[in-house]
Amino acid sequence: MLMDGNEWTPSGVIDTEVCIIGTGIGGGTLVNRLAAKGCRFVVLEAGSAKKSDSVTFENVGRHFVMPATRSIELGGTSNLWHGVLSPLDRADFETRSWVPGSGWPITYDELLPHYREAAELLGVERYAYYDQAGLPEEFARQVPLMPFDGKVIENKFFQQPLAVTRFKRIVTRAVIDSQDRHCLLNVVALELLPGEGKRVVDRVLARTASGRSIEVRAKAFVVAAGALETPRLLLNSRKFGDAGVGNQNDLVGRYLMDHPMGNLLQVQFKKRLRAPIYSDTKSSPAVKLKTGLLFTREIQEREGLPNHCFFIRPSFVEGIDDESERIKLALLTLRHRRMTFSDFVKVVTNMNVIAQVLAYKTWLKVTYRYGDLFFLTEQMPSADSRVTLSDKKDRFGYPIARVDWRVSRADLETMQRSFRVITTQAFSREHFDFTHKAWTDTGWEERFSSAAHHVGTVRMGATARTGVVDSSLRVFGAENLYVCDGSVFTTAGNVNNSLTISALACRLADRLAHVVVAPAAQAS
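Residues numbered from 1 in each chain as written. Predicted model: local features only at pLDDT ≥ 70, side-chain atom pairs only at ≥ 80, totals over all residues. Heavy atoms only, no water.

### Focus on the overall build of the protein
Reasoning step 1: Within the protein, the regular secondary structure consists of twelve helices and 18 strands.
Reasoning step 2: Expressed as a percentage of the 524 residues in the protein, the buried residues total 61%.
Reasoning step 3: Partitioning the intrachain contacts of the protein with sequence separation of at least 6 by distance along the chain shows that 76% fall at a separation of at least 24. (Helix = DSSP H or I, 4+ residues; strand = E, 2+ residues; numbered from the N terminus. Buried < 20%, exposed > 50% of the residue type's maximum accessible area, 1.4 Å probe, protein only. Contact = heavy atoms within 4.5 Å.)

Below you can see the structure in the form of structure tokens.
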């Protein structure tokens, strides 16, 4: 059943098997998988079926710049994203001595079957396309067209289903005709309440927009509210202790990461180039393929670089065009707001943007002389970049999230080293020149923005001293409390979080079915 929380008529505490908080990619995947496994659940969504401002935060750190970085509504931030998908790299899960705090307590191989399951749910054409050896011949032929030193940089492949998966539809289909699977809208989860001994969560206290209280009791609770709101809920759950739940080592809210992104520099091709797979190309009427570039593991270790990824985006003017980049940044979140007259004028009067959009949307057979090197960078984990509780309170009297996103000096220094490696080692001067001659010409520190990929604030660790949740996503110290969103990432990698969050949710659904559904079936 799908309904507004204010219209929920049963009185008293709602009893179920699993309570899920949030309907974004993590919560939405869980809803889909648990419904298929016959599990009873209640989902609480703070927003409505449309965009809501029911949850806010106080920003005291670096501004994210993006016009919108999350969406409080049915389906969560899946209502914003453009559907570009790729898994984390195998190396992202490994300990890298030059990246403090790196090393997930799970491996790529452990997550691989769930990556495949999530890819199918999200509309990926073939998982094999993430490996160059698995590409169709038509696209494999295009990879060598970009001449670079393979000992310095290498390809990473992405797929973008053209029918982007919106979890609004997935959640609705899973609950709409059910009497034991419910999604309640406009219900804000405020506090987790402990059972006897404070080792388990007994119920969650929530309120509707009108102030009506709702409580849900369950065998297992999953918080999937995103990397800004999930720590807020844990920190506000003070019946477990003054520091909240799962915060015995002061880790909840720490290690807030994103993907600082933007153009670093521009290459000039000495001979006009056409290599569609480096910008975007259709592999079928339903999916696009493209490739980015990574520094090789050897270069990363030698230069002390995180796992940055960059794309060579065709440009039709010499030099980085800051106005074009500001316009495209605004266009990224256009589906979440109306285009203003000012936006419209900027688009139709900027010929570089028009040419780039046409090349991107229509796959015209254009050649280009310039390529902007657009970086999606991995931040070094830093405990000082964090979410805490604000002195400001929401309408129900609970502290809102206080967000302090920091980009460290170490992060900026890795970009300076990246600039040097690219201009001196990665691209031969036989084929390329650079319109930026020095690091000081790039303006990176002023140019980059957030990619709206908030992660890390309830990080996964091998022990309670290194993380808030364990390898099964269970909160240390709370036997039936799990987290399933971008907040559990140990490190950020270089790709949007969606496929990995969905894969983690598929994996968690298997565990919950074993812990919650299987014992109930055996008892009956």
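### Re unusual backbone geometry
Reasoning step 1: With a phi angle near 75 degrees, Val65 is a residue other than glycine that sits in the positive phi range.
Reasoning step 2: By the element assignment, Val65 lies in the loop between strand S4 (57-59) and helix H2 (108-121).
Reasoning step 3: Residue Val65 is classed as partly exposed on the basis of its relative accessible area of 40%.

### Considering the environment of His453
Reasoning step 1: Structurally, His453 can be placed in the loop between helix H11 (444-447) and strand S18 (481-483).
Reasoning step 2: On the basis of relative accessible area, His453 is assigned to the buried category, the value being 14%.
Reasoning step 3: Along the primary structure His453 and Gly486 are separated by 33 residues, whereas in three dimensions their C-alpha atoms are 7.9 Å apart.
Reasoning step 4: Within the structure, His453 has its side chain in polar contact with the backbone oxygen of Ala451 (distance 3.2 Å). (Polar contact = N/O pair within 3.5 Å; in protein donor to acceptor, adjacent residues only side chain to side chain.)

### Concerning helix H10 (residues 409-426)
Reasoning step 1: Along its 18 residues, H10 runs 24 Å from first to last C-alpha, staying within 8% of the 26 Å computed at 1.5 Å per residue.
Reasoning step 2: Of all the residues in H10, the buried ones are Asp411, Leu412, Thr414, Met415, Ser418, Phe419, Val421, Ile422, Thr423 and Ala426. (Expected span 1.5 Å × (residues − 1).)

### Thoughts on the pairing of strand S11 (residues 281-284)
Reasoning step 1: Relative to strand S12 (residues 287-295), S11 runs antiparallel, the two being bridged by three bridges. Considered in S12, the bridge of Ser284 is made with Val287.
Reasoning step 2: Where S11 folds back onto S12 in an antiparallel hairpin, the turn is made up of two residues. (Pairing = 2+ DSSP bridges.)

### Let's talk about helix H4 (residues 167-175)
Reasoning step 1: All of the buried residues in H4 are Phe167, Ile170, Val171, Ala174 and Val175. All buried residues of H4 project into a common sector of 115 degrees when viewed along the axis, lining one side. (Arc of directions from axis to C-beta.)

### Some remarks on the sheet that holds strand S16 (residues 399-404)
Reasoning step 1: Strand order in the open sheet formed by three strands is S4-S16-S15, and the pairing between neighbours is mixed. A single partner strand is all that each edge strand has here, and the edge strands are S4 and strand S15 (386-393). Within this sheet the neighbouring strands show an average axis-to-axis angle of 35 degrees, counted without direction.
Reasoning step 2: Here five bridges tie S15 to S16, and the two strands are oriented antiparallel to one another. In the strand pairing of S16, Leu389 is matched with Ala401. (Axes fitted to C-alpha atoms, helices over the stretch in contact; angles between N-to-C directions.)

### Some details on the pattern of salt bridges
Think of it this way: side chains of opposite charge can pair up when their charged atoms draw near.
Reasoning step 1: Scanning the model with the defined rule gives 26 salt bridges in all.
Reasoning step 2: When the shortest N-O distance is used, the salt bridge between Glu445 and Arg409 registers 4.0 Å. With Glu445 in helix H11 and Arg409 in helix H10, this residue pair connects regions lying 36 residues apart in the sequence.
Reasoning step 3: By relative accessible area, which is 52% here, Arg409 ends up exposed.
Reasoning step 4: The residue Lys437 makes a salt bridge to Asp433 at a minimum N-O spacing of 3.2 Å.
Reasoning step 5: On the accessibility criterion, Asp433 (26% relative accessible area) is partly exposed.
Reasoning step 6: One salt-bridge network, held together by shared partners, links Asp15, Asp202, Arg203, Glu215 and Arg217. (Salt bridge = Lys/Arg side-chain N within 4 Å of Asp/Glu carboxyl O.)

### Quick look at the environment of Gly12
Reasoning step 1: Assignment of secondary structure puts Gly12 in the loop between strand S1 (2-4) and strand S2 (14-21).
Reasoning step 2: Along the backbone, Gly12 and Ile214 are 202 residues apart, and their C-alpha atoms lie at a distance of 8.0 Å.

### Let's talk about the pairing of strand S7 (residues 187-194)
As a general feature of sheets, a regular strand has side chains that alternate between the two faces.
Reasoning step 1: S7 sits mainly inside the fold: seven of its eight residues count as buried.
Reasoning step 2: The pairing of S7 with strand S8 (residues 201-208) spans seven bridges and is classified as antiparallel. Considered in S8, the bridge of Leu193 is made with Arg203.
Reasoning step 3: Here S7 hands over to S8 after six residues, with Gly197 in that stretch at a positive phi of 85 degrees.

What is shown is where atoms sit, not what they do.
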